[in-house]
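Residues per chain are reported as follows:
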Amino acid sequence: MSDIASRVKAIIVDKLGVDENEVVAEASFTNDLGADSLDTVELIMEFEKEFDIQIPDDQAENIATVGQAIKYIEEAK
Amino acid sequence: MELKRVVVTGLGALTPIGNNIEEYWNALKSGQSGAAEVTHFDASKFKTQFACEIKNFDPTEFIDRKEVRRMDRFAQYAMVTAQEAMEDSGLDVDTLDKNRVGVIWGAGIGGLETFQDEVSNYAKGDGTPRFNPFFIPKMIADIAPGLISIKYGFMGPNYATVSACASSANAIFDAMNMIRLGHTDVVITGGSEAAVTAAGMGGFNAMHAMSTRNDDPKSASRPFDANRDGFVLGEGSGALVLEEYEHAKARGAKIYAEVAGGGLSADAYHMTAPHPEGIGVVAVMENCLRNAGLKPEDVDAINTHGTSTPLGDVAELKAIGKVFGDHAKNININSTKSMTGHLLGAAGAVEAIASILSMEHGLIPPTINHETVDENIDPELNLTLNKAQKRDVNVVMSNTFGFGGHNACVVFKKLD
């Protein structure tokens, strides 16, 4: 697992209080990991802080799964 | 329209001297102080470096870890005590008519730590707003009753009362009326506060409202003592299940007491100082007695607001003298803040609970830390100094007053 992927997963485990095994690439934050609208905003903010990047709102809307988050951050870095 | 009768059928407490009702009562009757050095933050530069904090509390024992993160401590405290009170009441959530159950909850401030952390985080940055999406919902005072309703699915009246240190007495008053008027069968009421934070301590210190007895925190809260020098900040929560009498009787509920009545008034005098003659305090106790249909001579005990401030304690006792006349000296007067510190918005609830428990056990918890007589206090008054006193209590009154000049009083009586 890449460094980015493991850091993304650690944030998701911490913020959503889910088991690490559930945090797979295709898992949807809202449908699979129990996130509500406020959680997803918080996740995006944590990604921005952890990786020192900016994720504009219109692009944040397209980050719905663990894999999409990792991919976006890898490309943005 | 005939008013319904209202009774207390469940209690929950999370206080600096005990983390549930049993621990709270044991500490109250044996005169324990909850004061100690502040642990929530580094208070070494503060004028006051001690407080009455909640101890040995792990919210994840009661609340899902993910939910805990979404709650300020004041809301965590609320959830834990509401749960204890609900379990104590024996109400079956599955068979209750949830449209007939409300939650009315007091908080003087709300999520102060959340507000403080979010704003200081912003101030440390470069001006780019990076506020957490949970900032507002964690901070607002009314989130506590909201969260309780979400947990149980209670869809009756739901809101917060805010009147500083009278907040949860206001909540109990509103809850009583909600049931009296037939709007609901059950109300979860009470209050919570978690203001032992840098902003809370710093703010109260700036007002010169708090004791600075840093060399002996446990004796700092000393209501009615000549050398009192201000209140000791506390935190925590108290919850009460109020229920319509016939509803409680029909299910064979354990009934602690009847909520006989309540009173409200305002000083209309100063932002924070009590009126020196306590005219608003006289009014609130008279309103309360009238509302309950009781005579002054009926009252056996008064749990005072008694915060251990130089002005407030004397003004309140003068007011008691005016309302109760000769009978004042027959009343067991106490201040449990000598032990718990001042729980601000939660004070009314935890003190109402202390009052109810004193009736239940026939024992008045003491006003601890009294050493020196204050010449301004009538020596004939029984202030229940330093040691609990046995007393058959049929009627007990609980006073709370808040910055802003808000006064609230509730009175409980044994069910006849």
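- An unreviewed UniProt entry lists chain A under the name Acyl carrier protein, with Robertkochia marina as the source organism.
- Per its UniProt entry, chain A bears the Function (unreviewed entry) comment "Carrier of the growing fatty acid chain in fatty acid biosynthesis."
- Recorded in UniProt under Pathway (unreviewed entry), the annotation for chain A is "Lipid metabolism; fatty acid biosynthesis."

### Some thoughts on the overall build of chain B
Next, step 1: On a plain count of helices and strands, chain B comes out with 13 helices and 14 strands.
Next, step 2: On C-alpha atoms alone, chain B measures out to a radius of gyration of 20 Å, which is about the 22 Å that the 2.2 N^0.38 rule sets for 416 residues.
Next, step 3: Projecting the C-alpha coordinates of chain B onto the three principal axes gives extents of approximately 65 × 55 × 40 Å.
Next, step 4: Buried positions account for 61% of the 416 residues belonging to chain B.
Next, step 5: For chain B, restricting intrachain contacts to residue pairs at least 6 apart in sequence, the fraction spanning at least 24 positions comes to 80%.
Next, step 6: Here chain B carries 36 positive and 52 negative side-chain charges, and the mean point of each set is 1 Å from the other.

### Quick notes on the overall build of chain A
Next, step 1: When helices and strands are tallied, chain A shows 4 helices and 0 strands.
Next, step 2: The order of α-helices and β-strands along chain A, N terminus first, is α-α-α-α.
Next, step 3: In terms of overall dimensions, chain A is globule-like: its C-alpha atoms have a radius of gyration of 11 Å, near the 11 Å expected for 77 residues.
Next, step 4: Once the C-alpha set of chain A is aligned to its principal axes, its extents read approximately 25 × 25 × 20 Å.
Next, step 5: Counting only residues that meet the buried cut, chain A has 44% of its 77 residues in that class.
Next, step 6: Here the analysis covers contacts within chain A between residues at least 6 apart in sequence; of these, 54% occur between residues at least 24 apart.
Next, step 7: Working note: accessible area of chain A is about 4,200 Å², and carbon and sulfur atoms make up 45% of it.
Next, step 8: Taking the average location of the 6 positive side-chain charges in chain A and that of its 19 negative ones, the two points are 6 Å from each other.

### Considering empty space enclosed by the protein
Once rolled over the atoms, a probe with the size of a water molecule shows which space is left empty.
Residues and elements named next belong to chain B.
Next, step 1: In this structure the tally under the stated criterion is 1 cavity of 30 Å³ or more.
Next, step 2: By volume, the largest cavity amounts to about 60 Å³.
Next, step 3: As for the largest cavity, its lining consists of Ala301, Ile302, Asn303, Asn332, Asn334, Thr336, Ala354, Ser355, Ser358, Ile364, Pro365 and Val396.
Next, step 4: When contributions to the lining of the largest cavity are tallied by element, the ones reaching two or more residues are strand E9 (301-303), strand E10 (332-334) and helix H13 (347-361).
Next, step 5: Considering only residue class, the lining of the largest cavity consists of 6 nonpolar, 6 polar and no charged.

### A word on the domain arrangement of chain B
Residue and element names in this part refer to chain B.
Next, step 1: What the domain assignment reports for chain B is domain 1 (6-250) and domain 2 (263-413).
Next, step 2: Between domain 1 and domain 2, the contact holds 64 residues from the first and 60 residues from the second.
Next, step 3: Where domain 1 abuts domain 2, roughly 4,600 Å² becomes buried across the two surfaces, and 69% of that area is made up of carbon and sulfur atoms.
Next, step 4: Per-residue buried area on domain 1 facing domain 2 is highest for Trp25, Cys165 and Phe224; these three make up 19% of the total on that side.
Next, step 5: Where domain 1 touches domain 2, the interface holds 3 salt bridges.
Next, step 6: One salt bridge connects Asp313 with Arg228, and the closest N-O pair in it is separated by 3.4 Å.
Next, step 7: Linking domain 1 with domain 2 are 25 residue pairs in polar contact (both at pLDDT 80 or more).
Next, step 8: When residues of the side of domain 1 that touches domain 2 are traced back to their parent elements, those giving at least two are strand E1 (6-14), helix H1 (21-29), helix H7 (167-180), strand E6 (186-193) and strand E7 (236-244).
Next, step 9: Of the residues forming the side of domain 1 that touches domain 2, the biggest block, 8 residues, is contributed by H7.

### So, the packing of aromatic side chains
All names here are of chain B.
Next, step 1: A full pass over the atoms with the stated rule returns 9 aromatic pairs over all chains.
Next, step 2: A centroid spacing of 5.6 Å and a plane angle of 15° characterise the contact between Phe131 and Phe135, whose relative ring orientation is stacked.
Next, step 3: Given the relative accessible area of 31%, Phe131 is considered partly exposed.
Next, step 4: For Phe135, a relative accessible area of 9% puts it in the buried group.
Next, step 5: Clustering of aromatic rings is evident, with ring pairs tying together Phe115, Tyr122, Phe131 and Phe135.
Next, step 6: Directly above the aromatic system of Tyr245 lies the positively charged group of Arg5, at a separation of 4.7 Å from the ring centroid.

### Side note on the layout of surface pockets
Residues and elements named next belong to chain B.
Next, step 1: Looking at the largest pocket, its volume works out to about 650 Å³.
Next, step 2: Counting residues per element, the lining of the largest pocket draws most heavily on helix H4 (residues 112-124), which supplies 6 residues.
Next, step 3: The class makeup of the residues in the lining of the largest pocket is 7 nonpolar, 6 polar and 13 charged.
Next, step 4: Estimates place the volume of the second largest pocket at around 560 Å³.
Next, step 5: Every residue lining the second largest pocket is counted, 32 residues in all, and those nearest its centre are Thr272, Ala273, Pro274, Thr309 and Phe403.
Next, step 6: If you list the elements that add at least two residues to the lining of the second largest pocket, you get helix H11 (310-324) and strand E13 (395-402).
Next, step 7: Looking at which element gives the most residues to the lining of the second largest pocket, the answer is H11, with 6 residues.
Next, step 8: Its residues assigned to classes, the lining of the second largest pocket comprises 13 nonpolar, 16 polar and 3 charged.

### A short note on the interface of chain A and chain B
When the parts of a complex come together, some accessible area is lost, and that lost area is often taken as the interface size.
Next, step 1: Taken together, the contacts link 16 residues of chain A with 10 residues of chain B.
Next, step 2: In total, about 1,100 Å² of surface goes out of reach between chain A and chain B, with carbon and sulfur atoms giving 42% of it.
Next, step 3: There are 5 salt bridges connecting chain A and chain B.
Next, step 4: Where chain A meets chain B, there are 10 residue pairs in polar contact (both at pLDDT 80 or more).

So, how was this worked out
Residues numbered from 1 in each chain as written. Chains lettered and ligands numbered in written order. Predicted model: local features only at pLDDT ≥ 70, side-chain atom pairs only at ≥ 80, totals over all residues. Heavy atoms only, no water. UniProt positions renumbered as here; feature names shortened; annotations may be inferred. Helix = DSSP H or I, 4+ residues; strand = E, 2+ residues; numbered from the N terminus. Rg over C-alpha atoms; globule rule 2.2 N^0.38 Å. Buried < 20%, exposed > 50% of the residue type's maximum accessible area, 1.4 Å probe, protein only. Contact = heavy atoms within 4.5 Å. Lys, Arg positive; Asp, Glu negative; His and termini not counted. Charge placed at Lys NZ, Arg CZ, Asp CG, Glu CD. Areas by Shrake-Rupley, 256 points an atom, 1.4 Å probe, with all protein chains shown as cover. 1 Å grid on protein atoms, 1.4 Å probe; cavity = no way out; pocket = protein on both sides within 12 Å on 5 of 7 lines; lining within 4 Å. Points joined across faces, edges and corners; volume = space filled by probe spheres on them. Nonpolar A, V, L, I, M, F, W, Y, C, P; charged D, E, K, R; others polar. Domains from an automatic or database assignment. Buried area = accessible area lost by both parts, 1.4 Å probe. Salt bridge = Lys/Arg side-chain N within 4 Å of Asp/Glu carboxyl O. Polar contact = N/O pair within 3.5 Å; in protein donor to acceptor, adjacent residues only side chain to side chain. Phe/Tyr/Trp six-rings, centres within 6.5 Å; stacked < 30°, edge-to-face > 60°. Lys NZ or Arg CZ within 6 Å of the ring centre and 35° of its normal.

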